[in-house]
Amino acid sequence: MVAAASHLPTSAVGPMLSNTTRKLVCSGSVGYLSHHPISASELCLRVRDRLSRNLDDGCEWLDKYGMFGATGVLFKLTDPTYGYSFVVKGVQRADASTLTDEAWIYSHCLDLQGIRIPVYLGNIELVYHYPLRSAAAVTHMMLLSWAGTTLCHRPPPAGVDVEAEVDAAVKALHRYGVEHDNIRNANLTWNDETKGIMVIDFHLSFVYAAPKKARVVEERDMTGGVYNVCIV
């Protein structure tokens, strides 16, 4: 399952929530614009609340662009207030634990977010399931910043040493004791903002070095539904 659009047309992408938000995210808040700060938890709650009222409200399923994977599907979600979009990875209930596992990897590599991996914004459990044409239904989502176009659909600009860039990205993960275990062009993107290659899709990844102490915290609304999963 990819965490960034592969051959999505620029016109379909629009202004994406990009990696300029990294410092705000890592300090506990997400800023669409510098004068419109919003916490990651607030963002997740807003998304969950909107989708509870209308599953198609700013939520575009990207299957028509060939965006799907072994364990999930990809969405483009647009916030109507600020007009920015971000990437959403959706899975069925049976695969919900994979999103929690990926969230842990993102937390473990916090300093790499927005540099070598996407910015992790949070996980949500939908109030109402998002039906798919396969008769399956998405119950859980992971929100991520736009990482760029995958290398299998768009090569980096001329002059970029792809092998050296990939090696640098993989070594960055290794410095944090993370083995991606599925490095291939479909899981590598060229990011125009950072002018470098990013690694995506951590559902097969694992930490082989001593991890930092962390715990999973589920935030619930008044009905008891999970709207955000934080790793602290």
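Residues numbered from 1 in each chain as written. Predicted model: local features only at pLDDT ≥ 70, side-chain atom pairs only at ≥ 80, totals over all residues. Heavy atoms only, no water.

Novice: Before we move on, can you summarise the overall build of the protein with the specific residues and values?
Specialist: What the protein contains, in helices and strands, is five helices and 14 strands. For the protein, with 232 residues in total, the buried portion stands at 52%. Contacts in the protein between residues at least 24 apart in sequence constitute 66% of all its contacts with a sequence separation of at least 6. Surface exposure of the protein reaches about 10500 Å², of which carbon and sulfur atoms provide 54%. (Helix = DSSP H or I, 4+ residues; strand = E, 2+ residues; numbered from the N terminus. Buried < 20%, exposed > 50% of the residue type's maximum accessible area, 1.4 Å probe, protein only. Contact = heavy atoms within 4.5 Å. Areas by Shrake-Rupley, 256 points an atom, 1.4 Å probe, with all protein chains shown as cover.)

Novice: Would you mind going over helix α5 (residues 162–175) in detail, with residue names and values included?
Specialist: An ideal rise of 1.5 Å per residue puts 20 Å on 14 residues; α5 measures up with 20 Å between its terminal C-alpha atoms. Buried within α5 we find E165, V166, A169, V170, A172 and L173. Along the axis of α5, the buried positions cluster into a sector of 150°, meaning they face one direction only. Turned more than 90 degrees from where α5 packs its buried face, E163 and R175 sit exposed. Lining the buried residues of α5 we find β9 (178–179), β10 (188–191) and β11 (196–199). (Expected span 1.5 Å × (residues − 1). Arc of directions from axis to C-beta.)

Novice: Tell me what's going on with the side chain of H180, and back it up with residues and numbers.
Specialist: Among the secondary structure elements, H180 is positioned in the loop between β9 and β10. Only 3.1 Å separates the side chain of H180 from the backbone nitrogen of N182, close enough to count as a polar contact. Within the structure, H180 has its side chain in polar contact with the backbone oxygen of D201 (distance 2.8 Å). Once residues within four sequence positions are removed from consideration, H180 is found in contact with L173, N187, V199, I200, D201, F202, L204 and S205. (Polar contact = N/O pair within 3.5 Å; in protein donor to acceptor, adjacent residues only side chain to side chain.)

Novice: Explain the sheet that holds strand β5 (residues 85–91) to me, and be specific about the residues and the numbers.
Specialist: Ordered by their spatial adjacency, five strands build an open sheet running β3-β4-β5-β7-β6, and the pairing between neighbours is antiparallel. Since the sheet does not close on itself, it has two edges, and those belong to β3 (59–61) and β6 (120–131), each with one partner. Averaged over all neighbouring strand pairs, the angle between strand axes comes to 30°, with direction disregarded. Against the sheet, helix α3 (residues 40–53) contacts β3, β4 (73–78), β5, β6 and β7 (137–144), and its axis sits at roughly 15° relative to β6. (Pairing = 2+ DSSP bridges. Axes fitted to C-alpha atoms, helices over the stretch in contact; angles between N-to-C directions.)

Novice: Quick rundown of unusual backbone geometry? Include the residues and the values.
Specialist: Of note in this structure, A135 is not a glycine but carries a positive phi near 80°. Notably, D181 is not glycine yet its phi reads approximately 70°, a positive angle. One can find D181 in the loop between β9 and β10.

Novice: How would you summarise the sheet that holds β10 if you had to cite specific residues and measurements?
Specialist: In space, the three strands of this open sheet follow the order β8-β10-β11, with antiparallel pairing throughout. In the strand order of this sheet, the two ends are held by β8 (149–150) and β11, each with one partner. Two elements, β8 and β10, share two bridges in a ladder whose sense is antiparallel. Opposite T149, over in β10, you have W190 as the bridge partner. Against the sheet, α5 engages β10 and β11, with an angle of about 45° to β11.

Novice: Which residues make up the side chain of H140, and what values do they have?
Specialist: Structurally, H140 is set in strand β7. A distance of 2.7 Å separates a polar atom in the side chain of H140 from a polar atom in the side chain of T139. For H140, the contacting residues outside a window of four places in its chain are K89, G90, V91, R93, A96, L99, I124 and E125.

Novice: Which residues make up the pairing of β10, and what values do they have?
Specialist: Going residue by residue along β10, you find L188 and W190 tucked away on one face and T189 and N191 tucked away on the opposite face as well. Two elements, β10 and β11, share four bridges in a ladder whose sense is antiparallel. If you follow L188 over to β11, its bridge partner there is V199. The loop that links β10 with its antiparallel partner β11 comprises four residues; one of these, K195, has a positive phi angle of about 60°.

Novice: Describe the packing of aromatic side chains, with residues and values.
Specialist: All chains considered together, the criterion is met by three aromatic pairs. The interplanar angle of 15° and the centroid separation of 5.8 Å between the aromatic rings of Y106 and Y120 together place this pair among those described as stacked. Placement of the pair is Y106 in helix α4 (residues 96–108) and Y120 in strand β6, with a sequence separation of 14 residues. In this structure, Y106 and Y120 share a single accessibility class: buried. (Phe/Tyr/Trp six-rings, centres within 6.5 Å; stacked < 30°, edge-to-face > 60°.)

Novice: Summarise the confidence of the model for the protein; cite the residues concerned and give the values.
Specialist: Per-residue pLDDT for the protein has a mean of 77; in total, 72% of the residues score no lower than 70. Here residues 1–16 scores under 50 on pLDDT; set against residues more than four positions off or in separate chains, the count is 63 contacts. (pLDDT = per-residue confidence, 0-100.)

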